[in-house]
Amino acid sequence: MASLATNCAGLVLRNPILSASGTFGHGLEMQHFAPPSCLGGLVSKTVTLKPRHGNPHPRIAETEAGLLNSIGLENRGIEAYLRDVLPQMASADCVVVTNIGGERVEDFAELAACLDARPEVDALEINLSCPNVQGGKLPFSTDPRMAEAVVRGVRAATRKPLFAKLSPNVTDIGEIARAAEAAGADAITAVNTLLGMSVDWRTGKPGINTVMGGYSGAGIKPVALRCAWQCVRSVRIPVIGCGGIATAHDVLEYLVVGCRAVEVGTACFSDPSQLARLAPEIARLLEERGIESIEHLIGTLRTTLPVQPAPAGAR
Ligand code: SIN
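Residues numbered from 1 in each chain as written. Predicted model: local features only at pLDDT ≥ 70, side-chain atom pairs only at ≥ 80, totals over all residues. Heavy atoms only, no water.

1. Re a nonpolar patch on the surface
Defined as follows: Residues enter a patch when their relative accessible area is above 30% and they make no salt bridge; the linking distance is 9 Å between like charges and 5 Å between nonpolar side chains (Val, Leu, Ile, Met, Phe, Trp, Tyr). For the accessible areas, the method is Shrake-Rupley and the probe is 1.4 Å, while residue cover comes only from the protein chains on display. The salt bridge definition used is simple: a Lys or Arg side-chain nitrogen within 4 Å of an Asp or Glu carboxyl oxygen. Partly exposed residues are those whose accessible area sits between 20% and 50% of the maximum for their type, while under 20% is buried and over 50% is exposed, using a 1.4 Å probe and protein chains only.
Among the surface-exposed residues, L195, M197, V199, V211 and M212 lie close enough to one another that they form a single nonpolar patch of about 440 Å² accessible area. The exposure class assigned to V211 is partly exposed, which follows from its relative accessible area of 34%.

2. Comments concerning the site of the ligand
As a reminder of what qualifies: Here a residue is near a molecule or strand as soon as one of its heavy atoms is found within 4 Å of it. In the analysis that follows, any N or O atom pair within 3.5 Å is treated as a polar contact, provided that within protein one partner can donate a hydrogen and the other can accept it, and provided that, for residues neighboring in sequence, both atoms belong to side chains. Residues are sorted three ways: Asp, Glu, Lys and Arg are charged, Ala, Val, Leu, Ile, Met, Phe, Trp, Tyr, Cys and Pro are nonpolar, and all the rest, Gly among them, are polar.
Around the ligand lies a shell formed by K45, N69, I71, G72, L73, N127, C130, P131, N132 and N192. Between the ligand and L73 there is a distance of 2.8 Å, counted from an oxygen atom to a backbone nitrogen or oxygen. The side chain of N192 places a nitrogen or oxygen atom 3.1 Å from an oxygen atom of the ligand. About the coverage of the ligand: the protein hides 91% of its 260 Å² of free accessible area. For the shell around the ligand, a count of residues per class yields four nonpolar, five polar and one charged.

3. Structural notes on the packing of aromatic side chains
By convention here, two paired aromatic rings are described through the distance between centres and the angle between planes. Threshold: When two rings of Phe, Tyr or Trp (its six-membered ring) have centres within 6.5 Å they constitute a pair, described as stacked for plane angles under 30 degrees, edge-to-face for angles over 60, and tilted for the intermediate range. We count a stretch as a helix when DSSP gives it H or I for four or more residues in a row; a strand needs E for two or more, and each element gets its number in order from the N terminus.
Tallying each qualifying case throughout the model produces one aromatic pair. Aromatic side chains F108 and F140 sit 5.2 Å apart centroid to centroid with 85 degrees between the ring planes, which places their arrangement in the edge-to-face category. Residue F108 is located in helix α2 (residues 105-116), and its partner F140 is located in helix α3 (residues 139-142); the two are separated by 32 residues in the primary sequence. What makes F140 buried here is its relative accessible area of 4%.

4. What to know about empty space enclosed by the protein
Our working definition: Here a cavity denotes a set of grid points, spaced 1 Å apart and computed over the protein atoms alone, in which a 1.4 Å probe fits but from which it cannot get out, and a pocket denotes an open set meeting protein on both sides within 12 Å along at least five of seven lines; residues with an atom within 4 Å of a point are reported as lining. Grid points are joined across faces, edges and corners, and a volume is the space filled by probe spheres set on the points.
Following the criterion strictly, the structure yields one cavity of 30 Å³ or more and no others. Estimated volume of the largest cavity: approximately 70 Å³. For the largest cavity, the lining is made up of 13 residues, of which N127, C130, V133, Q134 and F140 are closest to its centre. A per-class count over the lining of the largest cavity returns eight nonpolar, five polar and no charged.

5. Focus on the packing of helix α5 (residues 173-182) against helix α6 (residues 221-234)
Convention followed: The axes used here are C-alpha line fits, helices contributing only the stretch in contact, and every angle between their N-to-C directions lies in the interval 0 to 180 degrees. Any angle that falls under 35 degrees is termed roughly parallel, while one over 145 is termed roughly antiparallel, one within 65 to 115 roughly perpendicular, and all others oblique. With the far helix as reference, a near helix turned anticlockwise by less than a right angle produces a left-handed crossing, and one turned clockwise produces a right-handed crossing. Contacts were defined at the residue level, with two residues in contact if any of their heavy atoms lie within 4.5 Å.
In contact at an axis separation of 8 Å, α5 and α6 are set at 50 degrees when each is read in the N-to-C sense. The orientation of α5 relative to α6 falls into the category oblique. For the pair α5 and α6, the sense of crossing is right-handed. Along its contact with α5, which presents I173, G174, A177, R178 and E181, the element α6 presents C227, Q230, C231 and S234. Across the contact of α5 with α6, the residue classes tally to four nonpolar, three polar and two charged.

6. Quick look at α5
Taken residue by residue, α5 has I173, G174, I176, A177, A179 and A180 as its buried positions. Where α5 is buried, its residues touch α3, α4 (144-157), β9 (162-166), β10 (187-190) and α6. Backbone nitrogen of G174 and a side-chain oxygen of the N-cap are separated by 3.1 Å at the start of α5; the cap is D172. After α5 finishes, the residue G184 shows a positive phi value of roughly 115 degrees.

7. Some details on the pattern of salt bridges
Summed over all chains, the structure comprises 18 salt bridges. Between E148 and R152 there is a salt bridge, with the nearest N and O atoms lying 2.7 Å from each other. Highlighted residues: E148 and R152, both in helix α4, separated by four residues, approximately one helical turn. According to the relative accessible area criterion, E148 is partly exposed, its value standing at 25%. For R152, a relative accessible area of 42% translates into the label partly exposed. What you see here is one network of salt bridges that share partners, running through R76, R83 and D84.

Everything listed here is a matter of coordinates, which is why it stays silent on function.
Set out below in structure tokens:
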């Protein structure tokens, strides 16, 4: 049996597959489809300091090759999360990652401080990249100084491993990844949704109330894969790929470009149980090729470009 275990930001993952934030509840809601024991890790829906109702409906629209959303970080706030959700997560047989979001730089550090003492949480993912709040301005992930300020604040508040989740809606994602690394991030999650829109020409109405929203799913995979690769080339910390992943082949593509793990998101909406089928299928594909460990595949992209990327997570 090929080994799927991998190491990412100091965390031991039984396999490189994590649920992407916002697509799998806060954690255990989907266990009847995909038990935590078949995953490397669970990433929660973004938690904010105060409860948020989210954006007006409609806030989800299906497109030809994916999904548009404008949820607006709906959640019950950190108090409810600490009280009602985290105690259940103690029984999760996989790595538990809490995704945090805020409107001000200080919000992120405050959230990290609230979570720091909680043993149920193995790592924090900093959502720098939600396109559905602050008028879609993405202040924390389009300006490297802002990204750095947020990560630095969180770093000062906790010793837990930190993933910085970046936006693809930038000219040079490598620059933002380097800023997050310099501020103390332990891994980069690449990427969140692309800014998109849809319209019904008959009614003249946009698919979602906010007109623009986050586009995810199969259609974004080439863009997300490119972003992940650019991050791999830009930083020494591990990169976690995210965007358009549905099959075992998709996972392996992200690993070949240098990611040490992946997050599966939109695919969970059509069939959450496919998350549980990915690891056995990956093991089968590796065995077919005579590859003993998934580690042997990470960063093996063959390119004639002069600068070959160092495998992410080299340290
Ligand atoms: C949302 O809640 O609007 C989606 C989350 C995100 O894009 O970060």
